[in-house]
Amino acid sequence: MRRIVVTGMGAVTPIGNTVAEYEDGLYSGRNGIGPITHFDTSEFTCRLAGEIKGLDPTTVVDRKDMTRMDQFTVLAMVAADEALAQSRLLENVDLDRVGVIIGTGTGGMGTFEEQHARLLKGGPRRVSPFFVPMLISDIAAGQVSIRYGLKGPNYCVISACATASTAIGDAFRMLLYGDADAIVAGGTEASILPMAIAGFANMRALSRNPDPATACRPFDSERDGFVMGEGAGMLILEELEHALRREAPILAELVGYGATADAFHITAPAEGGEGAVRAMRIAIKDGNAQPEEVGYINAHGTSTQANDKNETQAIKTVFGAHAQDLIVSSTKSMTGHLLGAAGAIEAIACIFALRRQEIPPTINFQTPDPECDLNYSPNTATKHTFEYALSNTFGFGGHNAVLLMRRYDHS
């Protein structure tokens, strides 16, 4: 059986524009939520988001090239560049056997808004000839492939908020089958835009709390909706022997992946988290682990009433009495919900936790909810000894994707 390891990570998040900054932000409990600055929100009911701050993408992407890319692609390029640099993957490898699988929930929505405005104002001649290649969701994977000459499997995955975990899971499977030696896998999102905020707000999915310090509070009884974030996360997944031969840094081992459908509702989770239960069980079985060996779950934890209650119930169903011993946290409390990129930055959070043996907190936790009665590492990081971590991601349409990671033994 081939074994799959993580040899590089890249992150652009509302609490840090590099992996190191992101790690520091998680463990210091940094709140990345604030007033939206990307557009005028005076007529909007929801005015907060987790925006990227102070990023200079020109260190990776030329200014001229940036004018021909949507922001979701730019963020993917920056995160992929960091991951590739850490892994040293481009040194003496067969690039024909290096793939790219990058997902996004909404793709180039910003480009669509801009070009549609041009069409209405100036007619069809005003629409950019780069409109389509800027808009399409697979272009982030395509641009990373082109930039670095990566000629293995290359495509985009879309499964709503489970997208990045699905992309990582697909990459894991391809590597197990021997279809590639290494794959850049993750997600990217740049959807803090008028259409997206209006749409999510009008379906009452977003928090209307105007206070950045309490708007995103997963598992708290006063939670009233999620807060959108933006960013990108990338992992370099690699077959173990390939990584060892080139003396790559090995950060963690990816051992299991579970994917299911609720087949229940277009937005609401199944009662009791039934689909999530099956996805977690599949991931644990896939990794030849036992439920009691899992010490940490990075929860989907969106800060909505339905998700947090049902995810808590699902965890208790899967783990039984052990649910009271493991630790759960929602890092969305700090970053907001990055939609199609969420699973990637949360998988990175699991790797931090495994390496440090320390669980990042769920911040803004003030009022316990009787239906959410697990240990959520409230407000401060928690030291914990464990071998396996789960990353849960669930999406509109009933998509569930769960990743199981193991601490890598370097001995």
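Note that the structure is predicted; figures quoted are calculated from it, not measured.

Asks: Mind showing me how you'd approach the overall build of the protein here?
Replies: Within the protein, the regular secondary structure consists of 13 helices and 14 strands. Whereas a compact globule of 411 residues would reach a radius of gyration of roughly 22 Å, the protein reaches 20 Å, a difference of no more than 12%. Along the three orthogonal principal directions, the C-alpha set of the protein runs to about 65 × 55 × 40 Å. Counting the 411 residues in the protein, one finds 61% classified as buried. Considering only contacts in the protein between residues 6 or more positions apart, those separated by 24 or more positions represent 79%. Here the protein displays about 15700 Å² of accessible surface, and carbon together with sulfur accounts for 51% of that area. Both charge centroids of the protein, one from 34 positive and one from 48 negative side chains, sit 4 Å from each other.

Asks: Got a minute to help me understand the environment of Lys 151 in this structure?
Replies: By the secondary structure assignment, Lys 151 is in the loop between helix 6 (139-148) and strand 5 (154-155). A sequence separation of 118 residues divides Lys 151 from Pro 269, and the C-alpha atoms of the two residues are 38 Å apart. Not counting chain neighbours up to four residues away, the residues in contact with Lys 151 comprise Leu 95, Asp 96 and Val 98.

Asks: Help me understand the sheet that holds strand 5, please; the structure alone is not making it clear to me.
Replies: Strands pair in a sheet through their backbones, by hydrogen bonds, and they do so in one of two ways: parallel or antiparallel. On the basis of which strands lie adjacent, the open sheet formed by 10 strands has the order 5-4-6-7-1-8-14-13-9-10 and mixed pairing. Two strands in the sheet have a free side with no partner beyond their single neighbour: strand 5 and strand 10 (327-329). Relative to strand 14 (residues 399-406), strand 13 (residues 388-395) runs antiparallel, the two being bridged by eight bridges. Pairing of Thr 393 across the sheet is with Ala 401, part of strand 14. In the packing of helix 6 onto the sheet, the strands contacted are strand 4 (98-103), strand 5 and strand 6 (182-189), and the crossing angle to strand 4 comes to about 150°. Sheet strands in contact with helix 10 (residues 274-286) are strand 8 (252-261), strand 9 (294-298), strand 13 and strand 14, and its direction is about 145° off that of strand 8.

Asks: How do you make sense of the pairing of strand 9 when you look at a structure like this?
Replies: On any regular strand, side chains alternate: one points to one face of the sheet, the next to the other face. For strand 9, the buried fraction is high: five of the five residues fall into the buried class. Note that strand 9 and strand 13 share four bridges and pair parallel. By the bridge assignment, Tyr 296 is partnered in strand 13 with Ala 389. For strand 9 and strand 10, the ladder comprises three bridges, and the chain directions are parallel. From the neighbouring strand, Tyr 296 faces strand 10, where its bridge partner is Ile 327.

Rules of the game
- Residues numbered from 1 in each chain as written.
- Predicted model: local features only at pLDDT ≥ 70, side-chain atom pairs only at ≥ 80, totals over all residues.
- Heavy atoms only, no water.
- Helix = DSSP H or I, 4+ residues; strand = E, 2+ residues; numbered from the N terminus.
- Rg over C-alpha atoms; globule rule 2.2 N^0.38 Å.
- Buried < 20%, exposed > 50% of the residue type's maximum accessible area, 1.4 Å probe, protein only.
- Contact = heavy atoms within 4.5 Å.
- Areas by Shrake-Rupley, 256 points an atom, 1.4 Å probe, with all protein chains shown as cover.
- Lys, Arg positive; Asp, Glu negative; His and termini not counted.
- Charge placed at Lys NZ, Arg CZ, Asp CG, Glu CD.
- Pairing = 2+ DSSP bridges.
- Axes fitted to C-alpha atoms, helices over the stretch in contact; angles between N-to-C directions.

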